[in-house]
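Residue-level listing of the chains:
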Amino acid sequence: MKFFNKLILDSQKLIATFTLVLIFSGMGWSQVSSNFSFSQSVGTYTPITGGTVLSAAANQDVATYNVTGLSFPFLGSTISQVVVGTDGYIALGVSTFSNSIIPLTTVNAASGIIAALGMNLVSSTVSGASPNLSWVNNGSETVFQWQDFARSTFASSERVNFQLRIKTKSGSITDIE
């Protein structure tokens, strides 16, 4: 009887130890949250003018565009180029990136991913839509704009406009939708 009690007690200790190892091992998989903060405010989407059009195709889907000549801080480095994806994200510090409708889970060499939507987006086909992926740098801010896009299954009924705005000096990022 003592043998079985000891066996049960040893099994319980083993299970408890294994459970603790599983709980604490997951802590290393979190994102770099200590370097960032979040705040929410009301913003107004104002379309950019005079920017560089990356694509104005009527069938934008699964495309990326390399943008160079930038300069803004990110995690202690200066970012000078990004890849802009039609699926609502930018990949920082790389010249190529495999477009993905889930860019945050893609294994890549990017310094970071900023995803405004990060989902399968296509050109909106709603009447009057003029799909456009563009960017502009006005000296104090770099703005990436997705105009007249839609979720892939809602192309005929949805028009989504949004921007990622990055302050050139501070690296502060704003998502305007």
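This text follows the structure it describes.
Criteria and thresholds
- Residues numbered from 1 in each chain as written.
- Predicted model: local features only at pLDDT ≥ 70, side-chain atom pairs only at ≥ 80, totals over all residues.
- Heavy atoms only, no water.
- Core = buried A, V, L, I, M, F, W, Y, C linked by side-chain atoms within 4.5 Å.
- Buried < 20%, exposed > 50% of the residue type's maximum accessible area, 1.4 Å probe, protein only.
- Helix = DSSP H or I, 4+ residues; strand = E, 2+ residues; numbered from the N terminus.
- Pairing = 2+ DSSP bridges.

## Some remarks on the nonpolar core
Working step 1: With 21 residues, the main nonpolar core has Val67, Val82, Val84, Ile90, Leu92, Phe144 and Trp146 as its most contacted residues.
Working step 2: The greatest single-element share of this core, amounting to four residues, is contributed by strand β2 (residues 64–74).
Working step 3: By size, the runner-up hydrophobic cluster in this structure holds six residues, among which are Val83, Tyr89, Phe97 and Ala110.

## Digging into the pairing of strand β9 (residues 160–167)
Working step 1: Sheet topology note: the strand β8 (residues 141–151)/β9 ladder contains seven bridges and is antiparallel. Looking across to β9, one finds that Gln145 is bridged to Gln163.
Working step 2: One ladder, built from four bridges, connects β9 with strand β10 (residues 173–176); its direction is antiparallel. Paired with Gln163 across the two strands is Ile176, which belongs to β10.
Working step 3: Hairpin connection from β9 to β10: five residues lie between these consecutive antiparallel strands, with Gly171 at a positive phi of about 80 degrees.

The values reported here are purely geometric and, on their own, carry no functional implication.
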